[in-house]
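Descriptive analysis of the structure
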Amino acid sequence: MINFKNVLTASASALLLATIISTAAITTAYAEEETGPAFAPPITKISGPEIGPGANRSSKLVVVLDPGHGKVDGHYSGCNFEYNGTKYYEDEINMKISTYTKKYLEENTDYAVYLTKDSVEKTVPLEQRAAFAASVHADLFVSQHVDSAPGNGVTKNAYGVSSMAPKTGRFNNELALQSQEAANTILGQLSSIGLHNRGLILRDSQNGTMFPDGSLADYYAIPRYSQMYGIRGFIIEHGFINHTSDLTLYLSTEESYKALGEADAKGIIEYLKKAGKSTFTPTTEAAQVPPVEGAPASVPAGPAA
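Our focus in this paragraph is the overall build of the protein chain. Counting its regular elements, the protein chain contains seven helices and ten strands. Out of the 305 residues in the protein chain, the part that is buried amounts to 58%. Long-range pairs, those at least 24 residues apart, make up 81% of the contacts in the protein chain between residues at least 6 apart in sequence. Surface accessibility of the protein chain: about 11,800 Å² in total, with carbon and sulfur atoms responsible for 51%.

Structure (structure tokens):
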């Protein structure tokens, strides 16, 4: 068994810390987005990450789940919304969804399943989440979120599920295609329980950051770092916390969190049954460096506790 807390502590010293987006005490927040450069200043090419996925040494399928946001300096990050006297926080909902996804996967598969954190009280820097997924040779890395929009639920079409995924037609195109297919598979499972499917959200860097091949990087941190580390990775948004229909039907009860988590798990299983283990090999020399000090040399025989 691997103690994730120890892995993060050992990994932190070898990794660049990304800016953490905090939206405490406000209603509107967006998926953890581009607040600064990924691995290099804006308008320059990104240098290679300090950790690469290497060869996947385990026969088990490996899934890393990322409960988005957490507490920053004692304050909640992510979006929040008050309805009928009850305040709902994105990071708390994300943690519940991820926990149910992990539980379902462990009960119904022999996958090795990890969370990027074990408490809603924690916030893990963005690139460190993808670095951990790479260090355990993840076959799929899913960052789980809840959406929000300006206007307290009155913004047109601001409801339903979506995925921030990497764009195709540029750096590591094959990997981007795989990530998009996996994301669409999970969205299909979520729509099967009644949620409106908004599809993929593909967005370019707004500060001019480029991948090593000179192509424009992705805007959202999780897809961008996943592309850099050579792992299938994306964000899933589970409805809008400030859209009253999404909130009351899907984001306000333990039963609904369980349904969302299990839908994610079923989508993960559906995709991995078809795609299998990732065989993608990064083409940049920088992505082939050894794992960060303190990370496991191989995936343990069983999933993390």
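Alright, that's what it looks like, and here's the rest.
Turning our eyes to something else, we now look at the environment of aspartate 139. Locating aspartate 139 in the fold gives a position in the loop between helix 3 (126-135) and strand 7 (140-147). The sequence separation of aspartate 139 and threonine 279 amounts to 140 residues, and the corresponding C-alpha distance is 8.8 Å. A polar atom in the side chain of aspartate 139 sits 3.0 Å from the side chain of lysine 277.

Turning next to the packing of helix 3 against helix 5 (residues 221-229). Two elements in contact, helix 3 and helix 5, have axes separated by 9 Å at closest approach and are oriented at 40°. Here helix 3 is positioned oblique relative to helix 5, judged by the angle of their axes. Viewed along their axes, helix 3 and helix 5 form a crossing whose handedness is right-handed. Here helix 3 contributes Leu126, Glu127, Arg129, Ala130, Ala131 and Ala134 to the contact with helix 5, which in turn contributes Ala221, Ile222, Tyr225, Ser226 and Tyr229. A per-class count over the contact of helix 3 with helix 5 returns eight nonpolar, one polar and two charged.

Moving on, we get to the sheet that holds strand 6 (residues 112-115). One open sheet accounts for six strands, arranged 6-1-7-10-8-9; its pairing is mixed. Either end of the sheet is taken by a strand with one partner, and the two such strands are strand 6 and strand 9 (197-201). Averaged over all neighbouring strand pairs, the angle between strand axes comes to 20°, with direction disregarded. Summarising the sheet, strand 7 and strand 10 (residues 233-240) pair through six bridges and their orientation is parallel. Each residue of the ladder has a partner; that of histidine 145, found in strand 10, is glutamate 237. Strands in contact with helix 5 are strand 1 (62-67), strand 7, strand 8 (161-164) and strand 10; relative to strand 10, the strand with the most contacts, it is inclined by about 165°.

Turning our eyes to something else, we now look at the pairing of strand 10. Summarising burial for strand 10: eight of the eight residues are buried, a large majority. When strand 8 meets strand 10, the two strands line up antiparallel, connected through four bridges. Within strand 10, the residue paired with methionine 164 across the bridge is isoleucine 235.

One recurring pattern in soluble globular proteins is that nonpolar side chains are buried together. With 41 residues, the main nonpolar core has Tyr111, Leu190, Phe234 and Ile268 as its most contacted residues. When contributions to this core are tallied by element, the ones reaching two or more residues are strand 1, helix 2 (90-108), strand 6, strand 7, helix 4 (173-192), strand 10, helix 6 (244-250) and helix 7 (254-275). Per-element tally for this core: the top contributor is helix 7, with eight residues.

Across all of its chains, the model carries three aromatic pairs by this definition. Ring geometry for phenylalanine 171 versus phenylalanine 211: centroids 4.7 Å apart, planes at 25°, classification stacked. Here phenylalanine 211 lies in the loop between strand 9 and helix 5 and phenylalanine 171 lies in the loop between strand 8 and helix 4, a separation of 40 residues in the sequence. For phenylalanine 171, a relative accessible area of 4% corresponds to the buried category. Sitting above the plane of the tyrosine 219 ring, arginine 203 keeps its charged end 3.7 Å from the centroid.

Next up on the list: the pattern of salt bridges. A full pass over the atoms with the stated rule returns twelve salt bridges. In this structure, the salt-bridge partner of aspartate 204 is arginine 170, at a minimum N-O distance of 2.6 Å. Highlighted residues: aspartate 204 in the loop between strand 9 and helix 5 and arginine 170 in the loop between strand 8 and helix 4, separated in sequence by 34 residues. Take arginine 170: its relative accessible area is 14%, and that puts it in the buried class. Three or more residues joined by partner-sharing salt bridges are found here, namely Lys167, Arg170, Asp204 and Asp218.

Judged by how many residues are buried, strand 1 sits mostly within the fold: six of six residues are covered. Residues of strand 1 alternate between two faces, with Val62, Val64 and Asp66 on one and Val63, Leu65 and Pro67 on the opposite face, all of them buried. With four bridges connecting them, strand 1 and strand 6 associate as parallel partners. Within strand 6, the residue paired with valine 62 across the bridge is alanine 112. Sheet topology note: the strand 1/strand 7 ladder contains five bridges and is parallel. Across the sheet, valine 64 pairs through a bridge with phenylalanine 141, a residue of strand 7.

Examined against the element boundaries, lysine 96 turns out to sit in helix 2. For the pair lysine 96 and glutamine 144, spaced 48 residues apart in the sequence, the C-alpha separation amounts to 10.0 Å. The contact partners of lysine 96, leaving out residues within four places of it in the chain, are Glu254 and Tyr257.

Each value, and the rule that gives it
Residues numbered from 1 in each chain as written. Predicted model: local features only at pLDDT ≥ 70, side-chain atom pairs only at ≥ 80, totals over all residues. Heavy atoms only, no water. Helix = DSSP H or I, 4+ residues; strand = E, 2+ residues; numbered from the N terminus. Buried < 20%, exposed > 50% of the residue type's maximum accessible area, 1.4 Å probe, protein only. Contact = heavy atoms within 4.5 Å. Areas by Shrake-Rupley, 256 points an atom, 1.4 Å probe, with all protein chains shown as cover. Polar contact = N/O pair within 3.5 Å; in protein donor to acceptor, adjacent residues only side chain to side chain. Axes fitted to C-alpha atoms, helices over the stretch in contact; angles between N-to-C directions. Parallel < 35°, antiparallel > 145°, perpendicular 65-115°, else oblique. Left-handed = near helix turned anticlockwise from the far one by under 90°. Nonpolar A, V, L, I, M, F, W, Y, C, P; charged D, E, K, R; others polar. Pairing = 2+ DSSP bridges. Core = buried A, V, L, I, M, F, W, Y, C linked by side-chain atoms within 4.5 Å. Phe/Tyr/Trp six-rings, centres within 6.5 Å; stacked < 30°, edge-to-face > 60°. Lys NZ or Arg CZ within 6 Å of the ring centre and 35° of its normal. Salt bridge = Lys/Arg side-chain N within 4 Å of Asp/Glu carboxyl O.

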